[in-house]
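Coordinate inspection notes
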Amino acid sequence: VLRSYAVLIEAEQLTGDAPTLMQMAAEASKRDLPTQLWLIEQRAASGDIEGTLTYYDSAMQTNPEVRTLLYPILGRAVADPDLVGPIARLLRPNPVWAPGFYRSFAEDKEALANFPVLMTALGDDAMRLIPKSARVAAAVALMDTGQLQAAETVALFGMDASNLSD
């Protein structure tokens, strides 16, 4: 009911506070996907990076079916220097949806070049958080697309340079 009223307020430009009603709807039902998606869009449109990512996380935690929709958007967002840090912070606690995100990210040709950027942003946590299978898939895909420097970055990430001498 709250979501329906909020959508009506927004669509008909009626007097009322649609964002507050949607927030109340989200609190009443964490699994309400249309509300989660509306809040993601609203927060993104207002430039609220942390709020947007909070709703991304909530939607992917409670609605596994939405992950395939949101993974590519999140992976491509890593290209934005203003977003890579907040995305890395979102991933550090290793949410339940993160392994699938890394696999999707490694397979997304549009986002693939951003994989080493995210690894760098995650720093020492990258090796713990990103499954080896996703790191290998990203390195191979980067090589296949001729992005050799990026492939090398992914493949050698976390290695001690002193151990790489001939």
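Residues numbered from 1 in each chain as written. Predicted model: local features only at pLDDT ≥ 70, side-chain atom pairs only at ≥ 80, totals over all residues. Heavy atoms only, no water.

**Focus on the pattern of salt bridges**
Under the definition given, this model contains six salt bridges. Measuring nitrogen to oxygen at the nearest pair gives 3.1 Å for the salt bridge that ties Arg76 to Asp108. With Arg76 in helix α5 (residues 67-77) and Asp108 in the loop between α7 (98-107) and α8 (115-122), this pair connects stretches of sequence that are 32 residues apart. Linking Asp125 and Arg128 is a salt bridge whose minimum nitrogen-to-oxygen distance equals 3.4 Å. By relative accessible area, Asp125 is classed as partly exposed at 22%. A cluster of three or more residues bridged by salt bridges with shared partners is formed by Arg76, Asp108 and Glu110. (Salt bridge = Lys/Arg side-chain N within 4 Å of Asp/Glu carboxyl O. Helix = DSSP H or I, 4+ residues; strand = E, 2+ residues; numbered from the N terminus. Buried < 20%, exposed > 50% of the residue type's maximum accessible area, 1.4 Å probe, protein only.)

**What about the packing of aromatic side chains?**
For the structure on display, the rule yields five aromatic pairs. Between the aromatic rings of Phe101 and Tyr102, the centroid separation amounts to 5.6 Å while the plane-to-plane angle is 55°, which identifies the pairing as tilted. Classification of Phe101 by relative accessible area gives buried; the value is 0%. Assessed through its relative accessible area of 0%, Tyr102 is described here as buried. Ring pairs connect the aromatic residues Tyr71, Trp97, Phe101, Tyr102, Phe105 and Phe115, which therefore count as one cluster. (Phe/Tyr/Trp six-rings, centres within 6.5 Å; stacked < 30°, edge-to-face > 60°.)

**What about the confidence of the model for the protein?**
For the protein, per-residue confidence averages 84 on the pLDDT scale, and residues scoring 70 or more make up 77% of the total. Confidence over residues 1-5 falls short of pLDDT 50; this stretch has ten contacts with residues more than four positions distant or in other chains. (pLDDT = per-residue confidence, 0-100. Contact = heavy atoms within 4.5 Å.)

**Observations regarding a nonpolar patch on the surface**
Together, Val136, Val140, Met143 and Leu148 make up a nonpolar patch on the protein surface, roughly 360 Å² of accessible area in all. In terms of residue count, the dominant contributor to the nonpolar patch is helix α10 (residues 132-144) (three residues). Within the secondary structure, Val140 sits in helix α10. Relative accessible area serves as the criterion here: at 38%, Val140 is assigned to the partly exposed category. (Patch = residues over 30% accessible without salt bridge, like charges linked within 9 Å, V, L, I, M, F, W, Y side chains within 5 Å. Areas by Shrake-Rupley, 256 points an atom, 1.4 Å probe, with all protein chains shown as cover.)

**Observations concerning the environment of Ser133**
Mapped onto the elements, Ser133 comes out in helix α10. When its relative accessible area of 47% is taken as the criterion, Ser133 is described as partly exposed. For the pair Ser133 and Pro99, spaced 34 residues apart in sequence, the C-alpha to C-alpha distance is 9.8 Å.

**What about helix α4 (residues 49-62)?**
Residues spaced three or four apart along an α-helix point in a common direction, a consequence of the helix completing one turn every 3.6 residues. With 14 residues, α4 should cover 20 Å at 1.5 Å per step; its first-to-last C-alpha distance of 20 Å lies within 8% of that length. Residues Gly51, Thr52, Leu53, Tyr55, Tyr56, Ser58, Ala59, Met60 and Thr62 constitute the buried set of α4. One side-chain oxygen at the N-terminal end of α4 lies 2.8 Å from the backbone nitrogen of Gly51; it belongs to Asp48. (Expected span 1.5 Å × (residues − 1). Polar contact = N/O pair within 3.5 Å; in protein donor to acceptor, adjacent residues only side chain to side chain.)

**Section: the nonpolar core**
Counting 44 residues, the largest nonpolar core has Leu74, Leu91, Phe101, Tyr102, Leu118 and Leu122 as the members making the most contacts within it. Leaving out residues up to four positions away in the same chain, Leu74 has contacts with Leu53, Tyr56, Met60, Ile87, Leu90, Trp97 and Phe101. (Core = buried A, V, L, I, M, F, W, Y, C linked by side-chain atoms within 4.5 Å.)

**Brief notes about unusual backbone geometry**
Non-glycine residue Asn94 carries a positive phi angle of around 60°. Along the chain, Asn94 turns up in the loop between α6 (81-91) and α7. A relative accessible area of 33% means that Asn94 is categorised as partly exposed.

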